[in-house]
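Listed here are the chains, written in short residue letters.
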Amino acid sequence: MGLPLVNQFLAQGYALVRILSALKIKSSTYYNWRYSQDFKDSLVKLHQEGRSLKSLAEEFGPSKDSIAIWVKQATPIMIKGQSKTLKDVKHLEKRLAILEEENEILSRIA
């Protein structure tokens, strides 16, 4: 019993409060679990379909701020004519930093 079971019931449309109560899980325990990417993606999709951050937060548990961050991370942005998400950009920035460090090391050797 745990997060996967709760997420399964959430996906079926049950209210978080009722799920936790039925499973005898303290809300503080639930909020300490890390949210799965599928769960985040589901809330992002619901928001993109018109649900408010407030209603999603009340029904599913994460704060409005957390959901807003997930929405922002999933929202595509245009960079040089290509659509990228903030997550993609952060990944590319990390990769660039690694390549720059490797290049610096190689230039010292040469």
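Residues numbered from 1 in each chain as written. Predicted model: local features only at pLDDT ≥ 70, side-chain atom pairs only at ≥ 80, totals over all residues. Heavy atoms only, no water.

Draft legend 1. Spatial organisation of the pattern of salt bridges. Scanning the entire structure with this criterion turns up 2 salt bridges. One salt bridge in this structure joins Glu59 and Arg51, with 2.7 Å as the shortest N-O distance. In this structure Glu59 comes out as partly exposed when scored by relative accessible area, which is 24%. Among the residues examined, Arg51 registers a relative accessible area of 27% and is labelled partly exposed. A salt bridge links Arg108 to Glu104; the shortest N-O distance between them is 3.2 Å. Taken as a pair, Arg108 and Glu104 lie in helix H7 (residues 86–109) at a separation of 4 residues, close to a single helical turn. By relative accessible area, Arg108 is classed as exposed at 65%. (Salt bridge = Lys/Arg side-chain N within 4 Å of Asp/Glu carboxyl O. Buried < 20%, exposed > 50% of the residue type's maximum accessible area, 1.4 Å probe, protein only. Helix = DSSP H or I, 4+ residues; strand = E, 2+ residues; numbered from the N terminus.)

Draft legend 2. Looking closely at helix H1 (residues 3–11). Every buried residue of H1 is listed here: Leu3, Val6, Asn7 and Leu10. Seen from one end, H1 has its buried residues packed into an arc of 100°, which puts them on one side. Count one or two residues on from H1 and you reach Gly13, which has phi positive near 95°. (Arc of directions from axis to C-beta.)

Draft legend 3. Quick peek at the packing of H1 against helix H2 (residues 16–23). Between H1 and H2, the least distance of the axes is 10 Å, while the angle of their chain directions is 140°. In terms of orientation, H1 lies oblique with respect to H2. Taken as a pair, H1 and H2 cross one another with a handedness that is right-handed. Of H2, the residues touching H1 (which contributes Leu5, Val6, Phe9 and Leu10) are Leu16, Ile19, Leu20 and Leu23. Taken together, the residues that form the contact of H1 with H2 break down as 8 nonpolar, no polar and no charged. (Axes fitted to C-alpha atoms, helices over the stretch in contact; angles between N-to-C directions. Parallel < 35°, antiparallel > 145°, perpendicular 65-115°, else oblique. Left-handed = near helix turned anticlockwise from the far one by under 90°. Contact = heavy atoms within 4.5 Å. Nonpolar A, V, L, I, M, F, W, Y, C, P; charged D, E, K, R; others polar.)

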